[in-house]
Amino acid sequence: MCESWSEQINGVEPLYQHILVGTDGSVTAARAVQHAIGLAKCHHADLHVVSVNKDITVLATAAGVPSGAELVSSGLNDDANELLSGVVEEAKQAGVEATAHVLTGQPSDEICKLARNLDVDLIVIGNRGMQSLIRFLWDPIPDTISHHAPCSVLIVDTRPKN
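Along each chain, residues carry numbers from 1 onward, in the same order as the chain's sequence is written. Only residues with pLDDT of at least 70 get local features here, since the model is predicted, and only at 80 or more are side-chain atom pairs given and counted; chain-wide, interface and lining totals rely on the full set of residues. Neither water nor hydrogens contribute to the side-chain values; these are computed over all heavy atoms in the structure.

Novice: Now, about the nonpolar core: what can you tell me, with residues and values included?
Specialist: One recurring pattern in soluble globular proteins is that nonpolar side chains are buried together. Take the buried Ala, Val, Leu, Ile, Met, Phe, Trp, Tyr and Cys residues and link them wherever side-chain atoms come within 4.5 Å; each set so joined is a nonpolar core. The buried label goes to any residue with under 20% of its type's maximum accessible area, the exposed label to any with over 50%, and the partly exposed label to all in between, with areas taken from a 1.4 Å probe on protein chains only. Formed by 20 residues in total, the largest nonpolar core has its most connected members in Ile19, Val21, Leu47, Val49 and Val124. Counting from the N terminus, the helices are the DSSP runs of H or I reaching at least four residues and the strands are the DSSP runs of E reaching at least two. Going through the elements one at a time, β1 (18-22), α2 (27-43), β2 (46-53), α4 (69-93) and β4 (122-126) are the ones with two or more residues in this core. At six residues, α2 tops the list of elements feeding residues into this core. When checking whether two residues touch, look at their non-hydrogen atoms; a contact exists if any pair is within 4.5 Å. Residues contacting Ile19, with those up to four places away along its chain left out, are Ala36, Leu39, Ala40, Ala45, Asp46, Leu47, His48, Leu122 and Val124.

The structure is reproduced here in C-alpha cells:
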C-alpha cells in the first residue's frame, strides 16, 4: 500500500508530515506505536514519540509524603527515556526518523500541548492501555485527546485479534 500511495501522491504534499504517538509502555500502546511507524513510513513523515508521567511530587505533597517523591519522579523519567529510546530505535530500523519527548503532567493535556507546539498533523493513540485503577487515577486519555486535539486523531483498536 505504501508504494501505490506514494505513486498516487507523487508531486503532491503528503497528507501527514508530522505524526505524534503517545505510549505508556504497555503492550497495547505498542500496537499504536507500530501503527504510527507504519503511517510515518508511508507518508515520509516525521514521527514524535511521547510518554507523559504524572507529576507525583504534587500528589505526594498533597498526601503529606516526604520529598522522596522527587527520586521516584526522576526514576519514572529515566524509565520513560529508556522506553522511548527503544521506540526511536524501532522507528529508525523501519526507516523512520523519530524524536522522543518525555513530559510530566496530565497526559491528555501534555499531548495536546505538544501537538500544538510541534504543529503535528496527526496524533496516534491506543484505545486502551493502562490497568483500570491507573486509568481511573489519570484521565480517559483517548477521549479527552479526541475532544481537545489541534489536529486529526487516530485511535487505534489495540484489542488482541483472535
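Novice: Could you give an account of α2, with specific residues and numbers?
Specialist: To estimate the expected span of a helix, subtract one from its residue number and multiply by 1.5 Å. Under the 1.5 Å per step criterion, the end-to-end length of α2 is 25 Å for 17 residues, consistent within 8% with the ideal 24 Å. Those residues of α2 not exposed but buried are Thr28, Ala29, Ala32, Val33, Ala36, Ile37, Leu39, Ala40, Cys42 and His43. His44 sits one or two positions beyond α2 and adopts a positive phi of about 55 degrees.

Novice: Pulling in residues and values, what's your account of the sheet that holds β1?
Specialist: The five strands are arranged β3-β2-β1-β4-β5 in an open sheet whose pairing can be described as parallel. Sheet topology places β3 (98-104) and β5 (152-156) at the edges, where each strand pairs with a single neighbour. Strand after strand, the sheet turns through a mean of 25 degrees between neighbouring axes, direction not considered. A pair of strands is labelled paired if DSSP reports no fewer than 2 bridges between them. Bridge analysis of β4 against β5 gives five bridges, and the strand direction is parallel. What sits directly across from Leu122, in β5, is Ser152. Between N-to-C directions, angles span 0 to 180 degrees; the directions come from axes that are lines fitted to C-alpha atoms, helices contributing only their stretch in contact. Sitting on the sheet, helix α5 (residues 107-118) touches β1, β2, β3 and β4, and the angle it makes with β2 is about 150 degrees.

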